[in-house]
Amino acid sequence: MTTDWNAMTDADFRHEVRSFFQTEYPPELRHLPHRPTFAEVADWHRKLHARGWVAPAWPTEYGGMGLGAAKLLIFYEEQQRLGVTRGRDMGVQMVGPLIIRYGTQAQKDYWLPRILSCEDIWCQGYSEPGAGSDLASLRTRAVIDGDDFVITGQKIWTTMAHDSTHIFMLARTDPDAPKKQQGISFLLAPMDQPGVTVRTITTLAGETEFCEVFFDEARTPRANLVGELNRGWSMAKALLGFERIFIGAPNLAQNALGQLETLARGLGAFEDPTFRDRFATLALDVEDHAALYARFAEQLRRGQPLGADVSMLKIWVTECCQRITELMIEVAGQDGATLGPVGAGNAAVDVLASFYKARPTTIYGGSNEIQRNILARAVLDLPA
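Residues numbered from 1 in each chain as written. Predicted model: local features only at pLDDT ≥ 70, side-chain atom pairs only at ≥ 80, totals over all residues. Heavy atoms only, no water.

Participant: So what exactly am I meant to see when it comes to the pairing of strand 1 (residues 122-125) here?
Facilitator: Each regular strand shows side chains that alternate between the opposite faces of the sheet. Burial of the side chains of strand 1 extends over both faces: Trp 122 and Gln 124 are buried on one face and Cys 123 and Gly 125 on the other. Sheet topology places strand 1 next to strand 4 (residues 166-172); four bridges connect them, and they run parallel. Its bridge partner lying in strand 4, Cys 123 is registered against Ile 167. (Buried < 20%, exposed > 50% of the residue type's maximum accessible area, 1.4 Å probe, protein only. Helix = DSSP H or I, 4+ residues; strand = E, 2+ residues; numbered from the N terminus. Pairing = 2+ DSSP bridges.)

Participant: I tried to follow the pattern of salt bridges on my own but got confused; where do I start?
Facilitator: Pairing of side chains with opposite charge becomes possible as their charged atoms draw close. Per the counting criterion, the structure on display carries 21 salt bridges. Note that Glu 319 and Arg 372 form a salt bridge whose closest N and O atoms lie 2.8 Å from each other. Here Glu 319, found in helix 9 (residues 311-332), pairs with Arg 372, found in helix 11 (residues 368-379); they are 53 residues apart in sequence, far enough to count as distant. The class of Arg 372 is partly exposed, set by a relative accessible area of 40%. (Salt bridge = Lys/Arg side-chain N within 4 Å of Asp/Glu carboxyl O.)

Participant: Would you mind showing me how to read the side chain of Thr 318 here?
Facilitator: With respect to the helices and strands, Thr 318 occurs in helix 9. On the basis of relative accessible area, Thr 318 is assigned to the buried category, the value being 0%. Separated by 2.6 Å, the side chain of Thr 318 and the backbone oxygen of Lys 314 make a polar contact. A polar side-chain atom of Thr 318 sits 3.1 Å from a polar atom in the side chain of Asn 368. Once you skip the residues sitting within four places of it in the chain, Thr 318 turns out to touch Leu 252, Thr 361, Thr 362 and Asn 368. (Polar contact = N/O pair within 3.5 Å; in protein donor to acceptor, adjacent residues only side chain to side chain. Contact = heavy atoms within 4.5 Å.)

Participant: Help me understand the pairing of strand 4, please; the structure alone is not making it clear to me.
Facilitator: Burial within strand 4 is extensive, with seven of its seven residues counted as buried. Judged by which residues are buried, strand 4 turns out to be covered on both faces: His 166, Phe 168, Leu 170 and Arg 172 on one side and Ile 167, Met 169 and Ala 171 on the other are all buried. The pairing of strand 4 with strand 5 (residues 184-190) spans seven bridges and is classified as antiparallel. Pairing of Met 169 across the sheet is with Leu 187, part of strand 5.

Participant: Can you walk me through the environment of Pro 178 in this structure?
Facilitator: Relative to the elements of secondary structure, Pro 178 occurs in the loop between strand 4 and strand 5. By relative accessible area, which is 76% here, Pro 178 ends up exposed.

Participant: When you look at unusual backbone geometry in this model, what are you seeing that I'm missing?
Facilitator: Working note: non-glycine residues mostly have negative phi, and peptide bonds are mostly trans. If you check the backbone angles, Glu 217 has positive phi at about 60 degrees while not being a glycine. Checked against the element boundaries, Glu 217 lands in strand 7 (residues 210-221). On the accessibility criterion, Glu 217 (55% relative accessible area) is exposed. Positive phi values are uncommon outside glycine, yet Asp 381 reaches one of about 60 degrees. Here Asp 381 lies in the segment after helix 11. Looking at Asp 381, the relative accessible area reads 66%, which means it is exposed.

Participant: Explain the environment of Glu 207 here, please?
Facilitator: Relative to the elements of secondary structure, Glu 207 occurs in the loop between strand 6 (196-201) and strand 7. Each C-alpha atom, one on Glu 207 and one on Pro 178, is 41 Å from the other, the two residues being 29 residues apart in sequence.

Participant: How should I be thinking about the packing of helix 7 (residues 251-267) against helix 9 in this particular structure?
Facilitator: What describes two packed helices is the angle between their axes and the distance between those same axes. Helix 9 packs onto helix 7 with a crossing angle of 15 degrees between their chain directions and a minimal axis gap of 9 Å. For the element pair helix 7 / helix 9, the angle class is roughly parallel. As helix 7 packs across helix 9, the resulting crossing turns out to be left-handed. Between helix 7, through Leu 252, Ala 253, Ala 256, Leu 257, Gln 259, Leu 260, Leu 263, Ala 264 and Leu 267, and helix 9, the contact on the second element is made entirely by Val 317, Thr 318, Cys 320, Cys 321, Ile 324, Thr 325, Leu 327, Met 328, Val 331 and Ala 332. Its residues assigned to classes, the contact of helix 7 with helix 9 comprises 16 nonpolar, three polar and no charged. (Axes fitted to C-alpha atoms, helices over the stretch in contact; angles between N-to-C directions. Parallel < 35°, antiparallel > 145°, perpendicular 65-115°, else oblique. Left-handed = near helix turned anticlockwise from the far one by under 90°. Nonpolar A, V, L, I, M, F, W, Y, C, P; charged D, E, K, R; others polar.)

Participant: So what exactly am I meant to see when it comes to helix 9 here?
Facilitator: Think of an α-helix as 3.6 residues a turn; residues three or four steps apart then line up on the same face. Counted at 1.5 Å a residue, the expected span for helix 9 with its 22 residues is 32 Å, and the 32 Å between its end C-alpha atoms agrees. Immediately downstream of helix 9, the backbone of Gly 333 shows phi near 65 degrees, a positive value. (Expected span 1.5 Å × (residues − 1).)

Participant: Whenever I open this one, the nonpolar core confuses me. Can you help?
Facilitator: Generally speaking, soluble globular proteins have nonpolar side chains that are buried together. Of all hydrophobic cores here, the largest spans 63 residues; its most connected members are Phe 21, Trp 53, Phe 75, Phe 186 and Leu 188. Among the elements that make up this core, the one with the highest residue count is helix 4 (residues 90-102) (seven residues). If sequence neighbours within four positions are ignored, Phe 21 has contacts with Arg 30, Trp 44, Leu 48, Trp 53, Phe 75, Glu 78, Gln 79, Leu 82 and Val 84. If you look at the next biggest cluster of nonpolar residues, it comprises 27 residues, including Leu 257, Val 286, Leu 327 and Val 342. (Core = buried A, V, L, I, M, F, W, Y, C linked by side-chain atoms within 4.5 Å.)

Below is the structure:
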């Protein structure tokens, strides 16, 4: 029997979620400073899967919890409060919702259960060396050969590609289309095959969560085309809407604020009235952002398309997160440049890792400069 979580009071639902996370989530995985591999979180994922909690926003008919916007925010807030990792969730957060909206029944029947179980682990093949924020300039080609597409090209900044079994990607299937946004298709492809090479990229923090992916006549069945041939751009924009609301979720700034509070209390920074004022300003920014996020989440839940104004979320949360981590460096003083956790009373906070993690947030998912251009043109109707 499927539980109607939305029928519960917010207080009861929060208690249910909090109790489960507190009891079942491993303490050693809380507030990880890096994005984990699937092997690190496999046991936790199995617990979520057994409980039916892998996809809180998916409709119940596809194996999700079917949470409305208010309950979804509570779910994410409680994850954040205990430092519950996102895990390997691109399948759940990105390609799954797109298959639900645009996929055939056969694609839904095949892919969605495998996403929930993490039998298939996904990465996103969008950005290329010459096509980042200007994504429509992509040059990766997919040519029809019998029952397959043959793929040639390169993707970059592909998160956790080295730990993925599949990639969802954009490829140019009609190079002669009159406009660059035309002639692009949305494909699903296996990673473990001849013609696919993955090379990790080491970040400033010494992590290797980003990758380059090279395709040299790799293949994927034509059945792995989602939506119509050469009509992938509109789907890509829909997926960017999913991505931008997810990237713009409040947990990024909420986590940073929680880390700052832990550090500040451990080091006695709250005794300084100037710090208290700065902390209060940041806390209000985080709360204001959460309220804005709730509005967009409810819009998405009602099945309404997200407009260009969703770009506000990404700008707000990423720049707020950067301001928070900059203050963390200040509070840590001479230890602010220390690699690894900094002692703060009975706790420890990895200040530098948090600072490093906040740096690229204003770039990925469409740089904040691009987001501002979107708002200027599509929302404020300013001249180009």
